[in-house]
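Observations on chain architecture
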Amino acid sequence: MIMPSDFCNSCKNAVKEGNYEAAVAHYRESRSIVNDVAMSSTEVQKKVLLNIVEQLGHLAYALNNWSEAEMFLKETEKIMLDIGVEKNSDAYIEVMLRLAKIDVINNRGKEAMDRFKFCIENLERKISVQDVYSEPDSPAYERITLYGMVLTEYGTYAKGAGLLDESERAFSKALNICRNVLGPTHEQTSVLANDLATVYDEKGRYNKAIRLAEKAIRIATETAPENLATYKYNLGHILMHQGDLVRARNALRESLKLAEEHQDDETQKLAESSIMKLDISQ
């Protein structure tokens, strides 16, 4: 008899091979036979179903299939609560984080805010200073990493919603965690430094924004050159807002050159448009 575990193993192999569509298909087949298989108890059946539905939700999320992801993740939440998973557990919080991101995509601001706040408050109750220095793959390390993810997603949402003080706090905390957990020269550290720089730019704190943007560029030069076009573009805009048009033009030209080299069409168009605006204004 074919068991759900057979399909789950097939799914895991498909994930390893990068074939996510096949992985989703395997999990769906697995789910369809759960109710037909004799199991020792309803509790066992629910746990098997939870594993399947949870993976379906995460896979649909990874594929940006937002409506399917929301459906499966909400079912995951229901089953979790059914079998007694605590709301403050890391697994439950991760589901809430993904649902918050889907709320943002669907312009459900209140729901997104409620879920982000839930995630942040519950993680902060559990995290200690020592967790920042925990060993990789330990529960504490996984938790502090999850906290960093929540702060990053919330910082991005808050910035888009015009909540700049909230965004600054979230990105600042996420950056500090990243420096301690992944290191001061890690690619993700540069991403967060750049994100925080854009917040300071919107708040008119240009000197601080420039320092962070330049830090992001220094790190990315060694670890993520594909991000340099974006970071140089952001630096150029900060310098424009500060009124340093000579340095702004240089940064934007460098951004344009890098965007062309890396075939980054979006940043290339943005840089060209900004350079044209500078030319017109002078």
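See above for the structure.
Here goes a summary of the coordinates provided. (Residues numbered from 1 in each chain as written. Predicted model: local features only at pLDDT ≥ 70, side-chain atom pairs only at ≥ 80, totals over all residues. Heavy atoms only, no water.)

**A short note on the overall build of the chain**
- Assigned secondary structure in the chain consists of 13 helices and 0 strands.
- Within the chain, the proportion of its 282 residues that are buried is 45%.
- A fraction of 56% describes how many contacts in the chain between residues 6 or more apart in sequence connect residues 24 or more apart.
- Carbon together with sulfur atoms contributes 50% to the accessible area of the chain, which is approximately 14700 Å² in total. (Helix = DSSP H or I, 4+ residues; strand = E, 2+ residues; numbered from the N terminus. Buried < 20%, exposed > 50% of the residue type's maximum accessible area, 1.4 Å probe, protein only. Contact = heavy atoms within 4.5 Å. Areas by Shrake-Rupley, 256 points an atom, 1.4 Å probe, with all protein chains shown as cover.)

**What to know about the pattern of salt bridges**
- Tallying each qualifying case throughout the model produces 21 salt bridges.
- For the salt bridge of Arg247 with Glu214, the shortest nitrogen-to-oxygen distance reads 3.0 Å. Of this pair, Arg247 sits in helix H12 (residues 245-261) while Glu214 is found in helix H10 (residues 206-223), placing the two residues 33 residues apart along the sequence.
- We classify Glu214 as partly exposed; its relative accessible area is 26%. (Salt bridge = Lys/Arg side-chain N within 4 Å of Asp/Glu carboxyl O.)

**Observations regarding unusual backbone geometry**
- Here Asn64, not a glycine, exhibits a phi torsion of approximately 65°, which is positive.
- When you line up the elements, Asn64 lands in the loop between helix H3 (42-62) and helix H4 (66-82).
- With relative accessibility at 47%, the residue Asn64 sits in the partly exposed group.
- Backbone geometry at Asn107 places phi at a positive 60°, although glycine is not the residue there.
- Mapped onto the elements, Asn107 comes out in the loop between helix H5 (90-105) and helix H6 (109-126).

Honestly, that's just the spatial picture; any functional story needs more than this.
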